[in-house]
Amino acid sequence: MRLFAAVLPPQDVTRELAAEVDTLRKLPGAQGLRWTGRPGWHFTLAFYGEVDDDLVPALSARLERAAHRTSPFPLALRGGGQFGHGRALWTGAAGDLETLRLLADRSEAAARKAGVPMGEHRRYQAHLTVARSRDGIDTRPYVEALAGFTSDTWTVTDLCLVRSNLPKSGVPGEQPRYETVVRWPLGSAGRTGDAGSEESAGDAGSDGGHVA
């Protein structure tokens, strides 16, 4: 399974971002970008890639521990930026970024301890991808437009393990489909799902990324 750990914004926050993206899509050149949809909006904490089925239980167990060791924290969407000279346009985060980075580090460490091959560690930068471009267009006007954007603040209460299903139809512009495999409450001994169940990311609270 192609998996990653993530924080999913609630529906009221993704509605705010959707309204902002509608404005961005009216800017000149917007048709040259591939805009992501609300079902795929998330903050990736750690990307695992293809994970062998026999490693998923150990990964899930360690992610559950990571969630229980992390207290709920406030977060909001704010501002914007780009990666790869315009190949990815994103909105950033505000709030308790220290705890967000801690959760990201713990999500990466969980994979390493479970035996999932991981690349070189990089300092975590929170970002939610809203558009991509294969040609690397000039996204500065979009970044500038996002500069004044700030969503309502919500309390992050869950760590999610998400499965990314890549497009198979070959239809241009088709988006990956995301499924929340399991979610764990932060700072709690309980759990709300098990690794054998799946729910759509939209049903899980994303209303519907650095992506997967």
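Residues numbered from 1 in each chain as written. Predicted model: local features only at pLDDT ≥ 70, side-chain atom pairs only at ≥ 80, totals over all residues. Heavy atoms only, no water.

Engineer: Mind showing me how you'd approach the packing of aromatic side chains here?
Structural biologist: The way to describe two aromatic rings as a pair is by their centre distance and the angle between their planes. This structure, assessed with the given rule, holds three aromatic pairs. Centre to centre, the rings of phenylalanine 4 and tyrosine 178 are 5.8 Å apart; their planes meet at 85 degrees, and the pair counts as edge-to-face. Of this pair, phenylalanine 4 sits in strand β1 (residues 2–7) while tyrosine 178 sits in strand β9 (residues 177–185); the two residues are 174 residues apart in sequence, bridging distant segments of the chain. The pair formed by phenylalanine 4 and tyrosine 178 is uniform in burial state, with each residue classed as buried. (Phe/Tyr/Trp six-rings, centres within 6.5 Å; stacked < 30°, edge-to-face > 60°. Helix = DSSP H or I, 4+ residues; strand = E, 2+ residues; numbered from the N terminus. Buried < 20%, exposed > 50% of the residue type's maximum accessible area, 1.4 Å probe, protein only.)

Engineer: What exactly am I supposed to notice about the nonpolar core here?
Structural biologist: Side chains of nonpolar character tend, in soluble globular proteins, to be buried together. In terms of nonpolar packing, the biggest core is built from 49 residues, with Phe43 and Tyr48 touching the most fellow members. Per-element accounting of this core gives the leading share, six residues, to helix α3 (residues 97–114). Judged by nonpolar contacts, the second largest core, of six residues, contains Ala6, Leu8, Cys160 and Tyr178. (Core = buried A, V, L, I, M, F, W, Y, C linked by side-chain atoms within 4.5 Å.)

Engineer: Which parts of the structure should I look at to understand the pattern of salt bridges?
Structural biologist: Pairs can form between side chains of opposite charge once their charged atoms are near each other. For the structure on display, the rule yields four salt bridges. Here aspartate 158 and arginine 183 are joined by a salt bridge, their closest N and O atoms 3.0 Å apart. Of this pair, aspartate 158 sits in strand β8 (residues 158–165) while arginine 183 sits in strand β9; the two residues are 25 residues apart in sequence, bridging distant segments of the chain. Here aspartate 158 and arginine 183 have matching classes, each one buried. The salt bridge involving arginine 177 is made with glutamate 179; its shortest N-O contact spans 2.8 Å. The exposure class assigned to glutamate 179 is buried, which follows from its relative accessible area of 13%. (Salt bridge = Lys/Arg side-chain N within 4 Å of Asp/Glu carboxyl O.)

Engineer: What am I meant to see in the environment of valine 130 here?
Structural biologist: Relative to the elements of secondary structure, valine 130 occurs in strand β6 (residues 128–132). Between the C-alpha atom of valine 130 and that of glycine 37, which follows or precedes it by 93 residues, the distance is 7.6 Å. Those residues in contact with valine 130 that sit more than four places away from it in its chain are Leu17, Val21, Arg34, Trp35, Thr36, Trp41, Leu89 and Trp90. (Contact = heavy atoms within 4.5 Å.)

Read these as spatial facts, not as claims about activity.
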